[in-house]
Amino acid sequence: MRRAVTANFPLLFEKIQHNDKMDQEKYTQFLIEFTKEALDNSDGSTQGASNYLSGKKKPGLLASKEKKEAFYRARKIFAEMRDRHLWLVLKALGLKEDDVK
């Protein structure tokens, strides 16, 4: 009996995994939103934006997957590249300077 249950488990996991796709447009929109917010609430430098994002509360349990992933990505990139130029950080995020102005 136990073998039959574990044999079906990978099939169930695959179905869940394939149904949970992320909307790329929403993700990019949230990424731009978090980047603008971080730059507006800091001195405009990457170090200030990194400090702001590290102190910001993470999205709640009911937030969309796109919003959570965008927040974690922005926080990670700004933290790793806090001593680099802003245009380089934006390029790593896949954004342009016109997107955040």
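To be clear, the structure that these remarks concern was listed above.
A short tour of the structure in this document, coming up. (Residues numbered from 1 in each chain as written. Predicted model: local features only at pLDDT ≥ 70, side-chain atom pairs only at ≥ 80, totals over all residues. Heavy atoms only, no water.)

**Structural notes on the overall build of the protein chain**
Thinking step 1. Secondary structure assignment for the protein chain yields five helices and zero strands.
Thinking step 2. Going residue by residue from the N terminus, the α and β elements of the protein chain occur as α-α-α-α-α.
Thinking step 3. In the protein chain, buried positions account for 26% of the 101 residues.
Thinking step 4. Of all intrachain contacts in the protein chain linking residues separated by at least 6 positions in sequence, the fraction that spans at least 24 positions is 56%.
Thinking step 5. Carbon and sulfur atoms make up 52% of the accessible area of the protein chain, which amounts to about 7600 Å² in all. (Helix = DSSP H or I, 4+ residues; strand = E, 2+ residues; numbered from the N terminus. Buried < 20%, exposed > 50% of the residue type's maximum accessible area, 1.4 Å probe, protein only. Contact = heavy atoms within 4.5 Å. Areas by Shrake-Rupley, 256 points an atom, 1.4 Å probe, with all protein chains shown as cover.)

**Observations concerning helix H5 (residues 86-93)**
Counting along an α-helix, one turn takes 3.6 residues, and residues three or four places apart therefore face a common direction.
Thinking step 1. If you check which residues of H5 are buried, you get Val-89, Leu-90 and Leu-93. In a view along the axis of H5, the buried residues occupy a sector of 100 degrees, so they form one face of it.
Thinking step 2. Structurally, H5 contributes buried residues whose contacts are with helix H2 (24-40), helix H3 (46-55) and helix H4 (65-80).
Thinking step 3. Of the residues flanking the end of H5, it is Gly-94, one or two places downstream, whose phi is positive at about 85 degrees. (Arc of directions from axis to C-beta.)

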